[in-house]
Amino acid sequence: NKQAQLFVFAIYYTDIHLRDRKKAIHYLLLSSQNNDPQANTILGILYSKGKYFEKNINNAIHCYKEASNYGNSMAKNNLGVIYLKGIGVQNNVSLAIEYFKEAIQINNDILSIYNLARIYYFGIDCVKNVPKSIQLLKKIIDRNFLPTEVFLFLILDFDEEYKNLKEAQECRCLIFKKYSFDILLYYTFFKKWKESFNVIKNSDLEYMMSGKHVQIL
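In what follows, the accompanying structure is described. (Residues numbered from 1 in each chain as written. Predicted model: local features only at pLDDT ≥ 70, side-chain atom pairs only at ≥ 80, totals over all residues. Heavy atoms only, no water.)

Bringing the overall build of the protein chain into the picture now. A count of helices and strands for the protein chain gives 13 helices and zero strands. For the protein chain, buried positions account for 46% of its 217 residues. Only carbon and sulfur atoms are counted for the fraction: they give 52% of the accessible area of the protein chain, which is about 11,500 Å². (Helix = DSSP H or I, 4+ residues; strand = E, 2+ residues; numbered from the N terminus. Buried < 20%, exposed > 50% of the residue type's maximum accessible area, 1.4 Å probe, protein only. Areas by Shrake-Rupley, 256 points an atom, 1.4 Å probe, with all protein chains shown as cover.)

Next up, the structure:
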């Protein structure tokens, strides 16, 4: 069955003693053909990255949509990222928001919550809604996703309109407790602060808060 095929794929793909790319892809395709949503999501990732296949965003979108139809939240998030950024398609933030919201409804998908929070904070082709962004970020603050905690800290500590130093300090302590990483000292001593909005938007942690983490690839 499709679950067994996916399991065999995982063995051939990850086991250092049995690793066999051709066999792995063979079983992944079988599982995908049997409409396994996880298999289709993985296949979509491979197509979008051009790994083991020629890079093909249309094929990636097709695989993600097949998985999305079966309620796979990662596929919905990745579709949201594609339409948000206009990767191989016409940029469509409204559609991206729909996919993110659907993923959140399935299992409070952390990446989709984070993506939606960024859309609301920066007002990306929509009405800027910072309170909603903060609400979403707080919703996943305890789920061990550093970009969420960093982004929330930056808003609470440096956004002039929504600054909350008490909560920012709590967020800073949480980051230090989890990661032994003092986010405030990092910026204070190594990054010369600029105007608050640009600090948040243009920080060198932006890469952590965008493609690499947002779309699990």
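So, next bit.
Once that is clear, we can look at helix α9 (residues 146-158). Spacing of three or four residues puts side chains on the same side of an α-helix, whose turn is 3.6 residues. Here α9 spans 18 Å end to end across 13 residues, near enough to the 18 Å set by a 1.5 Å rise per residue. In terms of burial, α9 is largely enclosed, as 13 of its 13 residues are buried. (Expected span 1.5 Å × (residues − 1).)

An ideal rise of 1.5 Å per residue puts 18 Å on 13 residues; helix α4 (residues 57-69) measures up with 18 Å between its terminal C-alpha atoms. Those residues of α4 lying buried are I57, A60, I61, C63, Y64, A67 and S68. All buried residues of α4 fall inside an arc of 165° around its axis, so they share one side. Exposed side chains of α4 directed beyond 90 degrees from the buried face belong to N58 and N69. Looking at the packing, one finds that the buried side of α4 touches α3 (37-49), α5 (73-85) and α6 (93-107). Capping of α4 at its N-terminal end is provided by N56; its side-chain oxygen lies 3.1 Å from the backbone amide nitrogen of N58. Where α4 ends, the next residue or the one after it, G71, has phi of about 80°, a positive value. (Arc of directions from axis to C-beta. Contact = heavy atoms within 4.5 Å. Polar contact = N/O pair within 3.5 Å; in protein donor to acceptor, adjacent residues only side chain to side chain.)

Taken as a whole and judged by the stated rule, the model has five salt bridges. One salt bridge connects K76 with E102, and the closest N-O pair in it is separated by 2.8 Å. You can see K76 sitting in helix α5 and its partner E102 sitting in helix α6, a full 26 residues away along the chain. (Salt bridge = Lys/Arg side-chain N within 4 Å of Asp/Glu carboxyl O.)

Here the focus is the environment of E98. Mapped onto the secondary structure, E98 falls in helix α6. The exposure class of E98 is partly exposed, given its relative accessible area of 46%.

Right, let's get into the packing of helix α7 (residues 110-122) against helix α8 (residues 130-139). Look at α7 against α8: their axes get within 8 Å of each other, and the N-to-C directions meet at 160°. One finds that α7 runs roughly antiparallel with respect to α8. Relative to α8, the crossing made by α7 is left-handed. In contact with I113, Y114, L116, A117, Y120 and Y121 of α7, α8 contributes V130, K132, S133, L136, L137 and K139. Among the residues making up the contact of α7 with α8, the classes are represented as nine nonpolar, one polar and two charged. (Axes fitted to C-alpha atoms, helices over the stretch in contact; angles between N-to-C directions. Parallel < 35°, antiparallel > 145°, perpendicular 65-115°, else oblique. Left-handed = near helix turned anticlockwise from the far one by under 90°. Nonpolar A, V, L, I, M, F, W, Y, C, P; charged D, E, K, R; others polar.)

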